[in-house]
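The primary structure of each chain is shown beneath.
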Amino acid sequence: MAGVQCSTFSKMDSCEVVAKRKADVAVVKPRVSDHVEQVCCKTLDLSKVIRLLEDPLTTSMQDRHVFVLKKVLRRRHAGFLLRELASISRILDACAEKAKDHAGYSAVLCEALQICRLPFLKERVSDELIYAQDVKRFLSHMGYLMRVPDGEVRRQVVESVKSFYICCVAPSKHTHHGTGRPPKPKWRTLNSYDRLLLRPQPTSPGYRLQLLERSDLAQTLFLSMAALEEQPAIKLLLLQTLQILSSSSDMNCALMLSARGAETICLHMNQHDPSRRILFHSSEILWNLLERGSKAEVATQLSSMECAISLKEAFLDLLLNGFRHADIQVRNDLLVLTTLFADNSSSLLVESFFAKQLIAIGTFPELKSSNPVVAKLKLSCSMEDLQMKKLLLNLLLLMAKDSAAIQIFKEEQVMLALLTLIKPPAAATEVPPRSCHWSSVQQEELQLHALAVLATVAPLMLDQYMSCYGNVVLLHLLDWCSSRDAFFGQGHGFHATGGRGGKKAHMRYCIRLMRSVTSLAEKTLNQDLCDQGTIHLLLGLLMQMEASRGEEDAVTVEMKSDMQLIMCALCEGDVHRKELFGCEGVEMVVHFLRRGSGMFYSGLGHNKLLLSTLLSVRLCIVGCYTTEDYFLSREGAKVLLDLLSSSPKCVHGVILATLLELFDNLNTLPHVLSWRHGRSGRTAPGLLLHVWRREEAELGVGRNQCGGIEDPKQSVLGHRQLEEAELTSTPNAPSAAVLEIQENLLAKIYLIFCKMGFQDLPGLSVKDQVTLCIVKRYLDFKVGEVWDEIGRELSLEGVRPVTPDQETLRVARQVARRTAEAVAAEQEDGLRWEAETAGREEELAYEEMKSHWKQRQLTAKSWSDFVCRTSNYDTLKEIKEQRHKYAEMIRTHNQDVAPRPEELFVSQVMVSEDSVAAGTAGIKMAKIPVMAAAHKEVLLSERERLRSRNTLPVKD
C-alpha cells in the first residue's frame, strides 16, 4: 500500500497529463488523514499545507512535510505571488520551529530563501498596494529566520537581503536562475496551475526596497549579530549587508540606531581578523550612521568609556600596523569618529589615556617625544597623512574645552609645536631630523590650520604663550604678511578661503590670533605688544589696505574690524597708549566714520566695521585731551551727528553713548550746536528730539497729536513696558523701570541735554519745544515710575506697608502725577502762545497782501489815466487847463500874503530822562521851516496824484 501511495503522489505531482481509463483492478486506498488527502490535489492549496504542518495528528510525519514543501517550492520556482506571501510566512515560521529537530526543514528554508531573491509576482497592477502589509510582514519574518541555528540558513537570509539591492540595479541578471529569458513552456506537460504562473508579472525593482525600509528587517538583522560570534564568515557577510542597508536608506539607519547600533558596532569592531575586513565594514557602517542618521544619537551612543577604548585600540593598530591604502583611509575615518566623540565628551578621552596619545601624535614631527607610539611612527607626505595631521590639529580645538586636557597640552608642549608650525616660510628652516618634509602647499595648509587652533588655545595657555615668545613670532609673521615679497599661496584648504594666491589668509588668521590674546586684557602681554610698536604697525597696515581697496570682500572687512578691536584692547584705560594712537589714529577713525552706514546691510561685515570704529572713538580717543581736541578739529562730533541722522536704529545707542562721553570735553558743545543737517537744516537738539519721539513711538508711549502728554499717570511709560512689568512682577525680578533705561535711548538723550542745557537751543520747532518739556522732567518721571512699581509689587504680594510708609508712597505718587500735569499745562501754554503768534503773523500776512493788492490797483489806475491822456486830446487839454488854474491860484495867493520871516514849528518832542516837572524845561525841540498849510496840502496832493499816475512831476 505504501508503494501504491507513493506512485500515486508521484504521478499526481508530476507535470504529466494522464489519460483516464477504467480501472481493471480494484485499488485499495491507503488510510491516511484527510489533510494529506486534500494536499494531494493538483492545486496544492497553501492553506491545506499549513494545516498539514500545524495539525497535531501529522506532526510526526516529517518526511512527508519535507516532500510536500519541496513540491510547493518547485512549483513556485519563478517567484512568490504577492497574495501568497502571508501563507508563505506561516509556512517558513513553522519550518523554522521544526528545523531544530529535523535537518530537512533547513533545506526547505534554504530553497525558499533562494526563491526570495527573485522579485515578487503580481497578478494585477493593484496588487502592490493591496498586499503591501503582507510584504512588510514577510520581510520581517525573513529576518526572524536568523534565529535558526543552522549556518546555511543564516547565510541564505543574509544573501537574500543583499540580493535585493543587486536585483534593483540589474534585475535581469537575477531572474529565472541567471538565464536571459524564461524557458519555453512545454504545453504538453503543463497543467492548469502552471499555465496560470505565466500570467503574473514581477513587481517594480524598488518595490521591495521601499517596503523593506518600513519593516523591521534591518533592525532584526542587526540584533542577530550577537548570535554569530562563532560563525565569523557569516558575521562578515552580515556586516557587508548592514553596510549596504545603512548606505541606502535613512530609515534603515534610524532602525539601527534604535537598537543602539553605533555603540554595538564600535564595541565589536576590534575582533580578531587578520584581513581587517570587519574593522573596515564596521567603520563604514558607523560613517553611514553618522551621515544618514542622527548625529546627536550617534554621538550619545559613542560616549562611553568602552567606546573610547575601542576607538583607541583600533586607531593605534591601524596607525602602527596598517600600510595599505584602505587601512590608512579607515584610520582617518576613525579619527573623524574620535572628533565626534571628543565634541560630545572629551573628558572620557582624557580618562582613557587616548587624549595623551593623540596629542603626542599631533605634535609630531615638530617636536621630539618619548612616547613609545611616536617612536614607532612613520609619516609620509601623502595626502592621507596630511589629512590625519589636520584632523589631529582639529582635535586639539575640541579637547581644549576640558581643563584636564589643557594640562596635557602643557606637558606635551603643544604651544611650542603650534608656534613652530606658524613660522613664515623663510624662518622655518630648523626641521627635526626625523621629520617628513611637507611640500609648500601642505606646509601652507598646516600653517593656516595651526593659526586657527592657536586662536582658541593661546588664550587658555597665556603663560606658555609668553614663555615661548608668542608675540615675537606673531609680529614676525604679521610683518612677513605685510611685506611686498612675492608669495603665491597655493593652499586649497578650508582656512585658505578668500585668500588664495597671496598672503591674505595668513594675515587674516594672524590678526584673529592677536585679537584673541589681546581681548583678555592681560597687562604684561598687551604692554609687550605696545613696546614692539604694534599700534603703529596696525595703523599703517589698516590705512594701506584702505588706500588700495577696490571691491572689498568679507575677509578684508573682517581684518579691518579685527585690527580696530586690537587697538581698542591695547588703548583701553591707558592715556599714554592713546597718545601713541595720536593724530594718525584719529585720521583713520574719522575716515571710516565718513564712509557712513550705506554698506551696513551688505552682508560683508560692514556692520561690525562700523561698530568697531565707534568703539575706537570711545576707547582710543576719548579720555586723552590731545586726541579729543584733534578729533573735534577734524569735525568728529559733526561726523557722529551725521551718522546718527543716517544710520540704522541698532547703532544709535552706541553713537549716543560716544557723544555723551565726548561731552566731558568742553570744546564739544560749540561743535555740536553749530551742526546743521545738509538737507533739512535740522540742528543737533532737533535731531535728538526727533530720535526721542521715534523711540517713544516704538515703546508705545501715549502722546497726543501735538506730542504732548496724553495721560499724566503714564507720562513716559509705554504699553510694552507695562506688559513686561506684569510678566516680571515677581519678588526676585529686577526692576522693569530701571532695566528700561539700559534698553532704550531715552536716558542717553536726557543726559546729553543735561550737558547742552535746556535753554536757548537753536532751531527748535513748536513740536520740539513740547518734547523738550518732557525731556527736561524725564528723571522725575522715572522716579515716579519706580514708586508706582513699588506699590504694584506690594499689592501683588499682599503686603500692606505701615502707615507712614503708605503715606510716603501716596505722596510720591501724587507728586509724580502733579509733575506730569504741570508739564502738560506748560505744553498747552506753549501751544496756545504759538497759536496766538501764528494768528498775529497771519493777520500781518493778510495786511501785507491787501497792501500789495491796493498798490496793484493804484498802478493799474495810473496806467489807465496815462493811457487816457496820451490817447485822448480833449482829456489832455482839460488836464492842462486844470494845471494852469492851480498855478494861477497859487501865484495869486502868494501875492496877497505879505512876505515875513520864516516861521518855526515843533516837529519832534523828546522828553529828558531827568525831567520830572511839567513844562518845557525838560523838552528838546528841533527847528524846521513852517510852510503854509495850503501850499503844503496842494503840493502833497499833487505829488500823490502824480506818483499814483506813475508820471514825472511837472516843474513850475
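Residues numbered from 1 in each chain as written. Predicted model: local features only at pLDDT ≥ 70, side-chain atom pairs only at ≥ 80, totals over all residues. Heavy atoms only, no water.

### Considering the overall build of the chain
For the chain, the helix and strand inventory stands at 46 helices and four strands. Expressed as a percentage of its 956 residues, the buried residues of the chain come to 44%. Put simply, of all contacts in the chain between residues at least 6 apart along the chain, 76% involve residues at least 24 apart. Accessible surface, the chain as shown: approximately 50900 Å² in total, 55% of it carbon and sulfur. (Helix = DSSP H or I, 4+ residues; strand = E, 2+ residues; numbered from the N terminus. Buried < 20%, exposed > 50% of the residue type's maximum accessible area, 1.4 Å probe, protein only. Contact = heavy atoms within 4.5 Å. Areas by Shrake-Rupley, 256 points an atom, 1.4 Å probe, with all protein chains shown as cover.)

### A few points about a nonpolar patch on the surface
On the surface, Val738, Val786 and Ile790 cluster together into a nonpolar patch covering about 200 Å² of accessible area. Residue position: valine 786 is located in helix H43 (residues 778-797). Since its relative accessible area comes to 31%, valine 786 is described here as partly exposed. (Patch = residues over 30% accessible without salt bridge, like charges linked within 9 Å, V, L, I, M, F, W, Y side chains within 5 Å. Salt bridge = Lys/Arg side-chain N within 4 Å of Asp/Glu carboxyl O.)

### With respect to empty space enclosed by the protein
All chains considered together, the criterion is met by seven cavities of 30 Å³ or more. The computed volume of the second largest cavity comes to approximately 50 Å³. Lining the second largest cavity, in full, are Leu69, Val72, Leu73, Phe80, Ile88, Ile91, Leu92, Val108 and Ala112. Those elements that place two or more of their residues in the lining of the second largest cavity are helix H4 (62-74), helix H5 (85-98) and helix H6 (103-116). (1 Å grid on protein atoms, 1.4 Å probe; cavity = no way out; pocket = protein on both sides within 12 Å on 5 of 7 lines; lining within 4 Å. Points joined across faces, edges and corners; volume = space filled by probe spheres on them.)

### Points about helix H18 (residues 305-321)
The end-to-end C-alpha distance of H18, which contains 17 residues, comes to 24 Å, matching closely the 24 Å that a straight helix rising 1.5 Å per residue would cover. For H18, the complete set of buried residues consists of Cys307, Ala308, Ser310, Leu311, Lys312, Ala314, Phe315, Leu316, Leu318 and Leu319. (Expected span 1.5 Å × (residues − 1).)

### Section: the side chain of lysine 235
Among the secondary structure elements, lysine 235 is positioned in helix H13 (residues 232-248). Accessibility expressed as a relative area gives 2% for lysine 235, which makes it buried. If sequence neighbours within four positions are ignored, lysine 235 has contacts with Met225, Leu228, Glu229, His268 and Gln271.

### Description of helix H23 (residues 403-411)
What H23 keeps buried is the set Ala405, Ile406, Ile408 and Phe409. Projected onto a plane normal to the axis of H23, the buried residues spread over an arc of 160° and lie on a single side. Tucked into the core, H23 has its buried residues touching helix H19 (325-351), helix H20 (354-362), helix H22 (383-399), helix H24 (414-421) and helix H25 (440-457). By the N-cap criterion, in which a side-chain oxygen at the helix start approaches the backbone nitrogen of a residue two or three places on, H23 is capped by aspartate 402, the distance to alanine 404 being 3.3 Å. (Arc of directions from axis to C-beta. Polar contact = N/O pair within 3.5 Å; in protein donor to acceptor, adjacent residues only side chain to side chain.)

### A look at the pattern of salt bridges
Inspection of the entire model under this criterion finds 42 salt bridges. For the salt bridge of glutamate 445 with lysine 390, the shortest nitrogen-to-oxygen distance reads 3.0 Å. Residue glutamate 445 is located in helix H25, and its partner lysine 390 is located in helix H22; the two are separated by 55 residues in the primary sequence. Across the pair, lysine 390 and glutamate 445 agree in class, each one buried. Here lysine 782 and glutamate 785 are joined by a salt bridge, their closest N and O atoms 2.9 Å apart. With lysine 782 and glutamate 785 both in helix H43, this residue pair falls three residues apart, about one helical turn. In terms of burial, lysine 782 and glutamate 785 fall into one category: buried.

### So, the nonpolar core
Proteins that are soluble and globular tend to have nonpolar side chains buried together. Phe409, Phe581, Phe631 and Phe753 are the most contacted members of the largest nonpolar core, which has 237 residues in total. Of the residues forming this core, the biggest block, 10 residues, is contributed by H19. (Core = buried A, V, L, I, M, F, W, Y, C linked by side-chain atoms within 4.5 Å.)

### Here we look at the packing of aromatic side chains
Note on aromatic pairs: each is described by the distance of the centres and the angle between the planes. Applying the stated criterion to the full structure yields eight aromatic pairs. With a centroid separation of 5.8 Å and 35° between ring planes, the pair formed by tryptophan 863 and phenylalanine 866 is classed as tilted. Of the two residues, tryptophan 863 and phenylalanine 866 are both situated in helix H44 (residues 803-871); the distance of three residues between them amounts to about one turn of the helix. Following the ring pairs from residue to residue traces out a cluster consisting of Phe80, Phe120 and Phe138. In this structure, arginine 208 packs its charged tip against the face of phenylalanine 120, placed 5.5 Å from the ring centre. The cationic tip of lysine 503 hangs over the ring face of tryptophan 480; the distance from NZ or CZ to the ring centre is 4.7 Å. (Phe/Tyr/Trp six-rings, centres within 6.5 Å; stacked < 30°, edge-to-face > 60°. Lys NZ or Arg CZ within 6 Å of the ring centre and 35° of its normal.)

### A word on the packing of helix H32 (residues 575-594) against helix H34 (residues 625-633)
Running from N to C, H32 and H34 cross one another at 25°; their axes reach a closest spacing of 9 Å. Considering their axes alone, H32 and H34 lie roughly parallel with respect to each other. Our pair here, H32 against H34, has a crossing hand that is right-handed. Within the contact between the two elements, H32 uses Lys578, Gly582, Cys583, Val586, Glu587, Val589, Val590 and Leu593 and H34 uses Thr627, Tyr630 and Phe631. For the contact of H32 with H34, the per-class residue count stands at seven nonpolar, two polar and two charged. (Axes fitted to C-alpha atoms, helices over the stretch in contact; angles between N-to-C directions. Parallel < 35°, antiparallel > 145°, perpendicular 65-115°, else oblique. Left-handed = near helix turned anticlockwise from the far one by under 90°. Nonpolar A, V, L, I, M, F, W, Y, C, P; charged D, E, K, R; others polar.)

### A look at the confidence of the model for the chain
When pLDDT is averaged across the chain, the result is 81; 81% of the residues are at 70 or more. Below a pLDDT of 50 lies the segment residues 1-43, which in the model reaches 36 contacts outside its immediate sequence neighbourhood of four places, other chains included. Within the model, pLDDT remains below 50 along residues 428-435, and this stretch shows eight contacts once partners closer than five positions in the same chain are excluded. (pLDDT = per-residue confidence, 0-100.)

### Re the state of the cysteines
In total, this model carries zero disulfides according to the counting rule given. Free of any disulfide, cysteine 583 has its nearest cysteine sulfur in cysteine 624, 9.8 Å distant. (Disulfide = S-S within 2.5 Å.)

### Considering the environment of methionine 545
Among the secondary structure elements, methionine 545 is positioned in helix H30 (residues 534-547). Along the backbone, methionine 545 and threonine 556 are 11 residues apart, and their C-alpha atoms lie at a distance of 8.2 Å. Leave out the neighbours within four places in its chain, and methionine 545 touches Met507, Thr556, Met559, Lys560 and Met563.

### Brief notes about unusual backbone geometry
Along the chain, phenylalanine 364 connects to proline 365 via a cis peptide bond; the corresponding omega equals 10°. Topologically, proline 365 is positioned in the loop between H20 and helix H21 (372-375).

### Let's talk about the packing of helix H33 (residues 606-621) against helix H36 (residues 652-662)
The N-to-C vectors of H33 and H36 enclose an angle of 15°; their axes lie 10 Å apart at closest approach. What the angle tells us is that H33 and H36 run roughly parallel. Of the two possible hands of crossing, H33 and H36 adopt the one that is left-handed. Contacts between H33 and H36 involve Leu611, Leu614, Val617 and Arg618 from the former and Val654, Ile655, Ala657, Thr658 and Glu661 from the latter. Looking at the contact of H33 with H36, its residues break down into six nonpolar, one polar and two charged.

### Quick word on the environment of alanine 736
Tracing the backbone through its elements, the reader meets alanine 736 in helix H40 (residues 736-743). Here the alpha-carbon distance between alanine 736 and valine 786, two residues 50 residues apart in the chain, equals 8.7 Å.

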